[in-house]
Amino acid sequence: MKRREAREKAIQTLFQLDNSEMNVDEAIGYIVEAPLDSFYEQLVRGTAEHLTEIDSEITNKLENWTIDRLPKIDRTVLRLAVYELLHNEEVPNRVIMNEAIELCKTFGDEKSGRFVNGVLSKFQ
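K.L.:
Tell me about the overall build of the chain, and name the residues and values.
P.N.:
Counting its regular elements, the chain contains seven helices and zero strands. Going from the N terminus to the C terminus, the chain shows its helices and strands as α-α-α-α-α-α-α. Projected onto the principal axes, the alpha-carbon positions of the chain cover approximately 40 × 30 × 25 Å. In the chain, which comprises 124 residues, the share counted as buried stands at 41%.

Okay, structure coming up:
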């Protein structure tokens, strides 16, 4: 699985977690079949494990928004990107930001990319 595909599948999995009572293993099983790609699994499990920290970091960067009011897909993309920014030192920040914008183009609406870029730019 290529990294872009791993990120897309991770977004789908994290979106499932945010919108259901599933645990991480159930959500992973709903989106992908075994064997699991290690990068994909790292993204999903890492984001889920650090969710409180990630949401706190995002909340500190938001202006006139609360994390609960964000569109669900924007919130999911932000969570994944902030996880990578904080915990994945092997990928350059500009690549993480670019990937987040591309994910918004795939899953969000026309405003998602600009919004997510604006929030993530505050992490530089």
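Don't stop here, the text continues.
K.L.:
I'd like to hear about the side chain of Asp74, residue by residue, with values.
P.N.:
Of note, Asp74 is situated in helix H5 (residues 72–87). In this structure, Asp74 is buried with no salt-bridge partner, the nearest side chain bearing the opposite charge being Arg75 at 9.8 Å. Within the structure, Asp74 has its side chain in polar contact with the side chain of Ser112 (distance 2.7 Å).

K.L.:
I'd like a rundown of the environment of Thr66, residues and numbers included.
P.N.:
With respect to the helices, strands and loops of the structure, Thr66 is situated in the loop between helix H4 (51–61) and H5. Judged by relative accessible area, Thr66 falls into the partly exposed class, the value being 41%.

K.L.:
How would you summarise the packing of aromatic side chains if you had to cite specific residues and measurements?
P.N.:
Tallied over the full model, the rule gives one aromatic pair. Above the plane of the ring of Phe123 lies Lys61, whose end atom (NZ or CZ) is 4.9 Å from the centre. The cationic tip of Arg69 hangs over the ring face of Trp65; the distance from NZ or CZ to the ring centre is 4.6 Å.

K.L.:
Residue-level account of the environment of Thr13, with values.
P.N.:
Looking at the secondary structure, you find Thr13 in helix H1 (residues 3–18). With 56 residues separating them in the primary sequence, Thr13 and Arg69 have C-alpha atoms 20 Å apart. Residue contacts for Thr13: discarding those within four places in its chain leaves Ala27, Ile28, Ile31, Tyr40 and Val44.

K.L.:
Mind laying out the pattern of salt bridges, listing which residues take part and the relevant values?
P.N.:
For the structure shown, the criterion picks out eleven salt bridges. Linking Asp55 and Arg79 is a salt bridge whose minimum nitrogen-to-oxygen distance equals 2.8 Å. In this pair, Asp55 sits in helix H4 while Arg79 sits in helix H5, placing the two residues 24 residues apart along the sequence. Grouping residues by exposure puts Asp55 and Arg79 together as buried. In this structure, the salt-bridge partner of Glu63 is Lys122, at a minimum N-O distance of 2.8 Å. One end of the pair, Glu63, is in the loop between H4 and H5; the other, Lys122, is in the segment after helix H7 (112–121), with 59 residues separating them in the sequence. A residue is classified by how much of its surface remains accessible, and Glu63, at 55% relative accessible area, is exposed. Lys122 sits in the partly exposed class, given a relative accessible area of 35%.

The rules behind these values
- Residues numbered from 1 in each chain as written.
- Predicted model: local features only at pLDDT ≥ 70, side-chain atom pairs only at ≥ 80, totals over all residues.
- Heavy atoms only, no water.
- Helix = DSSP H or I, 4+ residues; strand = E, 2+ residues; numbered from the N terminus.
- Buried < 20%, exposed > 50% of the residue type's maximum accessible area, 1.4 Å probe, protein only.
- Lys, Arg positive; Asp, Glu negative; His and termini not counted.
- Salt bridge = Lys/Arg side-chain N within 4 Å of Asp/Glu carboxyl O.
- Polar contact = N/O pair within 3.5 Å; in protein donor to acceptor, adjacent residues only side chain to side chain.
- Phe/Tyr/Trp six-rings, centres within 6.5 Å; stacked < 30°, edge-to-face > 60°.
- Lys NZ or Arg CZ within 6 Å of the ring centre and 35° of its normal.
- Contact = heavy atoms within 4.5 Å.

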